[in-house]
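Listed below are the residues making up each chain.
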Amino acid sequence: LLLGWLGDKFIQLNQDRTHHDNAVIQISMTLVVAFWAFMLAEGILGVSGILCVLGSALVIARYSWPVFVSKDAMHHVWHTIEFVGNCVIFFL
């Protein structure tokens, strides 16, 4: 939850809709929060990484969604990641 909150604060700092780079920063921040939440939980704390990612995602979804610069880009990026993940799981 702490990583989700920190990610939310960073995303809110980059909510200026006039700069295209801010959308890229916001999308990158969601990916970084998901990665680090998993690594911190599994590697250091020894708890479930999936539940930690879920908690961080819920915090970001609750507080950051209204300030995302490009909601469509966010949807496209995460749907692409979902599609690639499903393909990898299917082929395994």
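Quick caveat, the model's predicted, so the values are computed rather than measured.

Visitor: Explain the overall build of the chain here, please?
Guide: When helices and strands are counted, the chain shows four helices and zero strands. Reading the chain from its N terminus to its C terminus gives the helix and strand order α-α-α-α. Relative to its full complement of 92 residues, the chain shows a buried share of 27%. Considering only intrachain contacts with a sequence separation of at least 6, the fraction spanning at least 24 residues in the chain is 62%. A total accessible area of about 6,400 Å² is found for the chain, and carbon and sulfur atoms account for 73% of it. Where the 4 positive side-chain charges of the chain centre and where its 6 negative ones centre are 11 Å apart.

Visitor: Help me understand helix α3 (residues 49-63), please; the structure alone is not making it clear to me.
Guide: In this model, α3 (15 residues) spans 21 Å end to end at C-alpha, consistent with the 21 Å of a helix rising 1.5 Å per residue. When we look at burial in α3, the residues that qualify are G49, C52, G55, S56, V59 and I60. All buried residues of α3 fall inside an arc of 130° around its axis, so they share one side. Along α3, exposed side chains directed more than 90 degrees from the buried face belong to I50, L51, L58 and R62.

Visitor: I'm lost on the side chain of Q26 in this one. Help?
Guide: In this structure, Q26 sits in helix α2 (residues 20-45). When its relative accessible area of 1% is taken as the criterion, Q26 is described as buried. The contact partners of Q26, leaving out residues within four places of it in the chain, are I11, N14, Q15, V67, F68, V69 and M74.

Visitor: Looking at this structure, how should I read the nonpolar core?
Guide: Listed in full, the eight residues of the largest apolar core are I11, I27, M29, V33, I60, V67, F68 and M74. Counting residues per element, this core draws most heavily on α2, at three residues. Contacts of I60, omitting those with residues within four sequence positions, involve G4, D8, I11, T30, V33, W65 and F68.

Visitor: Looking at this model, I keep getting lost on the packing of helix α1 (residues 2-13) against α3. Mind explaining?
Guide: Angle between the axes and distance between the axes: these two values describe a pair of packed helices. Look at α1 against α3: their axes get within 8 Å of each other, and the N-to-C directions meet at 35°. Two packed elements cross with a definite hand, and for α1 against α3 that hand is right-handed. Between α1 and α3, the contacting residues are L3, G4, W5, D8, I11 and Q12 on the first element and S56, V59, I60 and Y63 on the second. Its residues assigned to classes, the contact of α1 with α3 comprises six nonpolar, three polar and one charged.

The rules behind these values
- Residues numbered from 1 in each chain as written.
- Predicted model: local features only at pLDDT ≥ 70, side-chain atom pairs only at ≥ 80, totals over all residues.
- Heavy atoms only, no water.
- Helix = DSSP H or I, 4+ residues; strand = E, 2+ residues; numbered from the N terminus.
- Buried < 20%, exposed > 50% of the residue type's maximum accessible area, 1.4 Å probe, protein only.
- Contact = heavy atoms within 4.5 Å.
- Areas by Shrake-Rupley, 256 points an atom, 1.4 Å probe, with all protein chains shown as cover.
- Lys, Arg positive; Asp, Glu negative; His and termini not counted.
- Charge placed at Lys NZ, Arg CZ, Asp CG, Glu CD.
- Expected span 1.5 Å × (residues − 1).
- Arc of directions from axis to C-beta.
- Core = buried A, V, L, I, M, F, W, Y, C linked by side-chain atoms within 4.5 Å.
- Axes fitted to C-alpha atoms, helices over the stretch in contact; angles between N-to-C directions.
- Left-handed = near helix turned anticlockwise from the far one by under 90°.
- Nonpolar A, V, L, I, M, F, W, Y, C, P; charged D, E, K, R; others polar.

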